[in-house]
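# Results of the structural survey
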Amino acid sequence: PAAYADIMAANSNIDEIWPVDKRRYIIRSWELAGLVSRIRKRRYDIAIDCSDVNSYSSTEAAYALISGATVTAGWKINERRLFDIEVERYTRTVHAADMYLKLFSGIFDRELEGDPFIKLERAATKEKEAVVGINCGGRGAKRLPLEVFIEIGEEIASSGVVVEFILGPDEADLRPGLAKRLPQRCRLLPPLSLEGLMKEIARYEAFVSSDTGPMHLAWVLGVPTVAIFVDSELEKFRPLSPGSLAIDGRGGVDTAAICVHLNEILNSAKVSR
């Protein structure tokens, strides 16, 4: 999807990225036909459907199948063969990052290794204080009350840390209320492009968020991340960066415990410097 092109561009191992927009193709079918034509002209050796093992995507499968590649591959969907190479699906819960290692290991018939981190250089800043980011947004039931994040921000800022609050384009309605309630030493960032958001997050000593895109962006950038899960699979999507913590918030959120963990991260960062 076009929305994630900047994230993929941060991976120097990727030679080319073709952003796609499914909604646009509904009314501009000729653009979809043009994309398919471009794909087929490349005469790929292999095209892989990278759907989630538990969430089959007909769109992703279609791109692989219409690519004209010599070989197609993906998870086994049912008894009727769809791809030339099919990897048996599994039911046990493993992290999403391991899911793709399992997929590619099955396709190439050998154990593959790798890590999910993006090697983005931390930008030099003029600030002497540590900076912590707090993402207040969330899609649907994943969104937590603003009070949770304000309480965390207030406590962390009281120890001399700069706290930056983040809201995405889908949370524009929350901006006025949050701006009026910001504790001292806290600031609300303006709306950012995905590239701009990546650069901001890379500056942080720590990051706090519900299970959202910015949360995943933070940990793959290597930032210690506290992720609060209220409506998604914790073990499958928890942050993997060193110092990170995944919290089951379905029964409530212990903001004091989160602040203790954040202070431990901040103190360890001081020692490492």
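First, a word on scope: everything that follows refers to the structure included in this document. All figures in this text were calculated on a predicted structure; none of them were measured in a lab.

## A few points about the sheet that holds strand β3 (residues 85-87)
Read across the sheet, 3 strands follow the order β1-β2-β3 without closing on themselves; strand pairing throughout is parallel. Looking at strand neighbours, the two that pair on one side only are β1 (46-48) and β3, the edges of this open sheet. On average, each strand axis in the sheet is tilted by 15 degrees relative to the strand beside it, whichever way the strands run. Looking at chain direction, strand β2 (residues 71-75) and β3 are connected through 3 bridges and run parallel. In the strand pairing of β3, Gly74 is matched with Glu86.

## A few points about the pattern of salt bridges
Considering all chains together, one arrives at 16 salt bridges under this definition. Linking Arg187 and Glu164 is a salt bridge whose minimum nitrogen-to-oxygen distance equals 2.7 Å. In this pair, Arg187 is assigned in strand β6 (residues 186-188) and Glu164 in strand β5 (residues 162-166), connecting sequence segments 23 residues apart. With a shortest N-O distance of 2.6 Å, Asp248 and Arg250 are connected by a salt bridge. Take Asp248: its relative accessible area is 39%, and that puts it in the partly exposed class. Judged by relative accessible area, Arg250 falls into the exposed class, the value being 65%. Residues participating in the shared-partner salt-bridge network are Glu164, Arg187, Glu200 and Arg203.

## Quick look at the side chain of His95
Take His95: it is sitting in the loop between β3 and α5 (96-108). For His95, a relative accessible area of 6% translates into the label buried. A polar contact is formed between the side chain of His95 and the backbone oxygen of Arg238, at a distance of 2.6 Å. If we skip the residues at most four places from it in the chain, His95 touches Trp219, Glu235, Lys236, Phe237, Arg238 and Leu240.

## Here's the deal with a nonpolar patch on the surface
Together, Tyr56, Leu65, Ile66 and Leu82 line one region of the surface with nonpolar side chains, adding up to about 310 Å² of accessible area. Along the chain, Tyr56 turns up in the loop between β1 and α4 (58-66).

## Considerations on α5
The terminal C-alpha atoms of α5 lie 19 Å apart, and with 13 residues this matches the ideal 18 Å at 1.5 Å per residue to within 8%. Residues of α5 that are buried: Ala96, Met99, Leu103, Ser105 and Ile107. Packed against the buried residues of α5 are β1, β2, β3 and α10 (234-237). Two residues or fewer past α5, Asp109 is found with a positive phi of approximately 55 degrees.

## Considerations on the sheet that holds strand β7 (residues 206-210)
Pairing within the open sheet is parallel, and its 6 strands lie in the order β6-β5-β4-β7-β8-β9. Bordering the open sheet on either side are β6 and β9 (245-248), each of which pairs with just one other strand. Pairs of neighbouring strands in the sheet enclose a mean axial angle of 15 degrees, with direction left out of account. Taken together, the 3 bridges between strand β4 (residues 131-135) and β7 define a ladder with parallel strand orientation. Within the sheet, the bridge partner assigned to Val132 lies in β7 and is Ala206.

Conventions used here
- Residues numbered from 1 in each chain as written.
- Predicted model: local features only at pLDDT ≥ 70, side-chain atom pairs only at ≥ 80, totals over all residues.
- Heavy atoms only, no water.
- Pairing = 2+ DSSP bridges.
- Helix = DSSP H or I, 4+ residues; strand = E, 2+ residues; numbered from the N terminus.
- Axes fitted to C-alpha atoms, helices over the stretch in contact; angles between N-to-C directions.
- Salt bridge = Lys/Arg side-chain N within 4 Å of Asp/Glu carboxyl O.
- Buried < 20%, exposed > 50% of the residue type's maximum accessible area, 1.4 Å probe, protein only.
- Polar contact = N/O pair within 3.5 Å; in protein donor to acceptor, adjacent residues only side chain to side chain.
- Contact = heavy atoms within 4.5 Å.
- Patch = residues over 30% accessible without salt bridge, like charges linked within 9 Å, V, L, I, M, F, W, Y side chains within 5 Å.
- Areas by Shrake-Rupley, 256 points an atom, 1.4 Å probe, with all protein chains shown as cover.
- Expected span 1.5 Å × (residues − 1).

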